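This is what each chain is made of:
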Amino acid sequence: MVRDGRTVLSNVIASQIDIHAEYGGVVPEIASRKHLESVSVVVEQALSDAGVEVGALDGIAVTQGPGLAGALLVGISAAKGLSLGRGLPLIGVNHIEGHLLAVFLETPVAFPFIALAVSGGHSHLYRVDGVGRYTTLGQTVDDAAGEAFDKVAKLIGLPYPGGVAIDRLAATGDPRAIKFPRPLLNDGSYNFSFSGLKTAVLTHVNKFPESKGAGVNDLAASFQAAVCEVLTKKTAAAVAATGIKRLVVAGGVACNSALRSHMARFAAEQGVELSIPSPGLCSDNAAMIAVPGDFYLEAGINSGFDLDALPVWPLDRLASRLKEAF
Ligand code: KG4
Ligand code: ZN
């Protein structure tokens, strides 16, 4: 629950990680069932943590996409029920827009800014000219950064989700121990590719099985360094080309300690104003959805009851919503 799109009153997270970890990744059918079991409990908890009655709400923002259709539909149905029952305006929000604007819950950032969104499903560079005004500069052509972390973790026997585990192992490893490739580093685009890097780790592990054992810290640190270097250098190129010296890094992978320090070093060297939310606001959370939600509702933009899940929803397509309103 968020006040004025800026102040977090409560931010309840019902994690399914333990359940999906048994299967080594998210099982869509289980995800929707668990959403169904949790959604009312989470709403009740959010109200009680915030000490707010449903009647005091001004509106409801719900994730409309992108994501797994079944899980999205559970949230959308619950939000519609609450909206209809209480006569509250409803707004469908893009999950990635929530990630990009989560930072406003801690620090306001002036527009325009460059944003790197790195999560389990996204590795995108955007130019952000305002709420709802996003231009994609580049994106992954295959795996997302988080997906690469999770897949590499799996192949070296670490539990799902692997990003946190790799981050922890890498803390005591040598990032220069193994020279993994830096895919697309100098191709002149702002695109990323991480699937070849994952194959390079697999090839290395097959050749040197001990790198999965005693050498695992060096392996984790070297892989992480390759990902962070590519993410940071491409972001730096976007900052240089646009001349926009404000940068936001967002999404679950923005929790990564090496990425945070790579970005901090680059920002300090280039005089770039860097904003990265606290880890709890980088990983998926409900509060971040309320930031654009508040903006749209305040602007009188809301969704009708024909609001439907959009499993695929590129951010660039948001602009039409604003054009319709102003
Ligand atoms: O944004 P998010 O919570 O969910 C999605 O929208 O996908 O991101 C989840 C991703 C997972 O791939 C997870 O392994 C990764 O973020 N992640 C990390 C770290 N913490 C979470 N990756 C690297 N280092 C971390 N510390
Ligand atoms: Zn996310």
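Preceding block: the structure.
Quick look at the structure, then. (Residues numbered from 1 in each chain as written. Chains lettered and ligands numbered in written order. Predicted model: local features only at pLDDT ≥ 70, side-chain atom pairs only at ≥ 80, totals over all residues. Heavy atoms only, no water.)

1. Some points on the coordination of the zinc ion (ligand 2)
Reasoning step 1: Protein coordination at the zinc ion (ligand 2) comes from His 95 (NE2), His 99 (NE2) and Asp 284 (OD), with a distance range of 2.0 to 2.1 Å.
Reasoning step 2: Read from N- to C-terminus, the donor residues coordinating the zinc ion (ligand 2) fall into the pattern H-x3-H-x184-D. With His 95 and His 99 both in helix H4 (residues 95–101) and four residues apart, the pair spans about one turn of that helix.
Reasoning step 3: Since its relative accessible area comes to 16%, His 95 is described here as buried. (Donors = N, O, S within 2.8 Å, 3.2 Å for Na, K, Ca; no water. Helix = DSSP H or I, 4+ residues; strand = E, 2+ residues; numbered from the N terminus. Buried < 20%, exposed > 50% of the residue type's maximum accessible area, 1.4 Å probe, protein only.)

2. Details of the packing of helix H5 (residues 145–155) against helix H8 (residues 216–242)
Reasoning step 1: Where H5 meets H8, the axes come as close as 11 Å, and the angle between the chain directions of the two elements is 175°. What the angle tells us is that H5 and H8 run roughly antiparallel. Of H8, the residues touching H5 (which contributes Ala 145, Ala 148, Phe 149 and Val 152) are Phe 223, Gln 224, Val 227 and Leu 231.
Reasoning step 2: Residues of the contact of H5 with H8, tallied by class, amount to seven nonpolar, one polar and no charged. (Axes fitted to C-alpha atoms, helices over the stretch in contact; angles between N-to-C directions. Parallel < 35°, antiparallel > 145°, perpendicular 65-115°, else oblique. Contact = heavy atoms within 4.5 Å. Nonpolar A, V, L, I, M, F, W, Y, C, P; charged D, E, K, R; others polar.)

3. What about the site of ligand 1?
Reasoning step 1: Neighbouring ligand 1 are 18 residues, the closest being Gly 120, Asp 150, Asp 167, Asn 256 and Asp 284.
Reasoning step 2: One of the backbone nitrogen or oxygen atoms of Gly 120 is found 2.8 Å away from an oxygen atom of ligand 1.
Reasoning step 3: Considered on its own, ligand 1 offers 550 Å² of accessible surface; in the complex 85% of this is hidden by protein.
Reasoning step 4: Those elements giving two or more residues to the shell around ligand 1 turn out to be H4, H5 and helix H6 (162–170).
Reasoning step 5: Taken together, the residues of the shell around ligand 1 sort by class into five nonpolar, 10 polar and three charged.
Reasoning step 6: Here the shell around ligand 1 spans two domains, since at least three of its residues come from each of domain 1 (2–100 + 282–325) and domain 2 (110–276). (Near = heavy atom within 4 Å. Polar contact = N/O pair within 3.5 Å; in protein donor to acceptor, adjacent residues only side chain to side chain. Areas by Shrake-Rupley, 256 points an atom, 1.4 Å probe, with all protein chains shown as cover. Domains from an automatic or database assignment.)

4. Comments concerning the nonpolar core
Reasoning step 1: With 47 residues, the main nonpolar core has Phe 180, Phe 223, Leu 231 and Val 249 as its most contacted residues.
Reasoning step 2: Put simply, the parts of the chain that give this core at least two residues each are strand E5 (113–118), H5, H6, helix H7 (195–207), H8, strand E8 (246–250) and helix H9 (257–270).
Reasoning step 3: With 12 residues, the single largest contributor to this core is H8.
Reasoning step 4: Once you skip the residues sitting within four places of it in the chain, Phe 223 turns out to touch Ala 148, Phe 149, Val 152, Ile 166, Phe 180, Leu 197 and Val 201.
Reasoning step 5: Counting residues in each nonpolar core, the second largest holds 31 residues, with Ala 102, Val 248, Ile 289 and Leu 318 among its members. (Core = buried A, V, L, I, M, F, W, Y, C linked by side-chain atoms within 4.5 Å.)

5. Observations regarding the packing of aromatic side chains
Reasoning step 1: Counted according to the given criterion, the structure contains six aromatic pairs.
Reasoning step 2: Between Phe 149 and Phe 223 the ring centres are 5.2 Å apart and the planes differ by 75°, which places this aromatic pair in the edge-to-face class. Of this pair, Phe 149 sits in helix H5 while Phe 223 is found in helix H8, placing the two residues 74 residues apart along the sequence. Each of the two residues, Phe 149 as well as Phe 223, counts as buried.
Reasoning step 3: Here the aromatic cluster, defined as three or more aromatic residues joined through ring pairs, consists of Phe 104, Phe 111 and Phe 113. (Phe/Tyr/Trp six-rings, centres within 6.5 Å; stacked < 30°, edge-to-face > 60°.)

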